[in-house]
Amino acid sequence: MDTEQVKKLAHLARLNVPENELETVAKDIGAIIGFVDVVQTAELSEENAQERESVNIFRDDIVEPIGSAHDLVEAAPLHKDHFVQVAKVIE
């Protein structure tokens, strides 16, 4: 991948890649694509074929009435003063 392709990809993804990082990003993307090519060519043995079959692991959706907002807050893993407590994400 070259820097012009990175510029086009960044434009499509609405990302701003500084000029001084274009070559590094191009190398990184090239390495990622190379790794994906290696993974796609991996041969799988027939021993585990049954284990690889698709299985639906999702449960059925069950609609249940909500008792109150207090019940929702209490069900959260972390809560304090009637609010759900979350990690700080803004510095």
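All chains use their own residue numbering, which begins from 1 and follows the written sequence. Confidence filtering applies because this is a predicted model: local features only for residues at pLDDT of at least 70, side-chain atom pairs given and counted only at 80 or more, and all residues used for totals across whole chains, interfaces and linings. Each side-chain value is derived from all of the structure's non-hydrogen atoms; neither hydrogens nor water enter the calculation.

Engineer: Sorry, what's going on with the environment of Phe 83 here?
Structural biologist: Considering the arrangement of structural elements, one finds Phe 83 in strand S2 (residues 83–84). Here the term buried applies to any residue with accessible area under 20% of the maximum for its type, exposed to any over 50%, and partly exposed to those in between, with areas from a 1.4 Å probe on protein chains only. Taking relative accessible area as the criterion, Phe 83 reaches 59% and is therefore assigned exposed. Expressed as a C-alpha distance, the spacing of Phe 83 and Ala 69, which sit 14 residues apart in the sequence, is 9.7 Å. Two residues form a contact once any of their heavy atoms are found within 4.5 Å. Leave out the neighbours within four places in its chain, and Phe 83 touches Val 73 and Leu 78. Secondary structure elements follow DSSP: runs of H or I of four or more residues count as helices, runs of E of two or more count as strands, with numbering from the N terminus.

Engineer: Whenever I open this one, helix H2 (residues 22–40) confuses me. Can you help?
Structural biologist: In an α-helix there are 3.6 residues to a turn, and that puts residues three or four apart on one side. In a helix, the anticipated span is given by 1.5 Å times the number of residues less one. Helix length check: H2 (19 residues) gives 27 Å between terminal C-alpha atoms against 27 Å at 1.5 Å per residue, within 8%. The complete set of buried residues in H2 reads Leu 22, Ala 26 and Ile 29. Buried residues of H2, viewed axially, fall in a sector of 70 degrees; they line one side. Across from the buried face of H2, at angles greater than 90 degrees, the exposed residues are Glu 23, Lys 27, Ala 31, Ile 32, Phe 35 and Val 38. Here the arc refers to the directions that run from the helix axis out to each C-beta atom.

Engineer: Any chance you could explain the packing of helix H1 (residues 3–12) against H2 here in plain terms?
Structural biologist: How two helices pack is summed up by the angle between their axes together with the distance between the axes. Two elements in contact, H1 and H2, have axes whose closest approach is 9 Å; the angle formed by their N-to-C orientations is 85 degrees. Relative to H2, the element H1 lies roughly perpendicular. Taken together, the residues of H2 that come into contact with H1 (itself represented by Thr 3, Val 6, Lys 7 and Leu 9) are Leu 22, Glu 23, Val 25, Ala 26 and Ile 29. Residues are sorted three ways: Asp, Glu, Lys and Arg are charged, Ala, Val, Leu, Ile, Met, Phe, Trp, Tyr, Cys and Pro are nonpolar, and all the rest, Gly among them, are polar. Here the contact of H1 with H2 is composed, by residue class, of six nonpolar, one polar and two charged. Helix axes are fitted to C-alpha atoms over the stretch in contact, other axes to C-alpha atoms as well, and angles between N-to-C directions run from 0 to 180 degrees. Orientation labels follow simple angle bins: below 35 degrees gives roughly parallel, above 145 gives roughly antiparallel, 65 to 115 gives roughly perpendicular, and whatever is left gives oblique.

Engineer: Could you clarify how one ought to interpret the pattern of salt bridges in this entry?
Structural biologist: Note that side chains of opposite charge can pair when their charged atoms are close. The term salt bridge refers to a side-chain nitrogen of Lys or Arg lying within 4 Å of a carboxyl oxygen of Asp or Glu. Tallied over the entire structure, the rule returns two salt bridges. In this structure, the salt-bridge partner of Glu 19 is Lys 7, at a minimum N-O distance of 3.7 Å. Separated by 12 residues along the polypeptide, Glu 19 in the loop between H1 and H2 and Lys 7 in helix H1 bring together distant segments of the chain. Assessed through its relative accessible area of 33%, Lys 7 is described here as partly exposed. Because the salt bridges share partners, they merge into one network encompassing Glu 4, Lys 7 and Glu 19.

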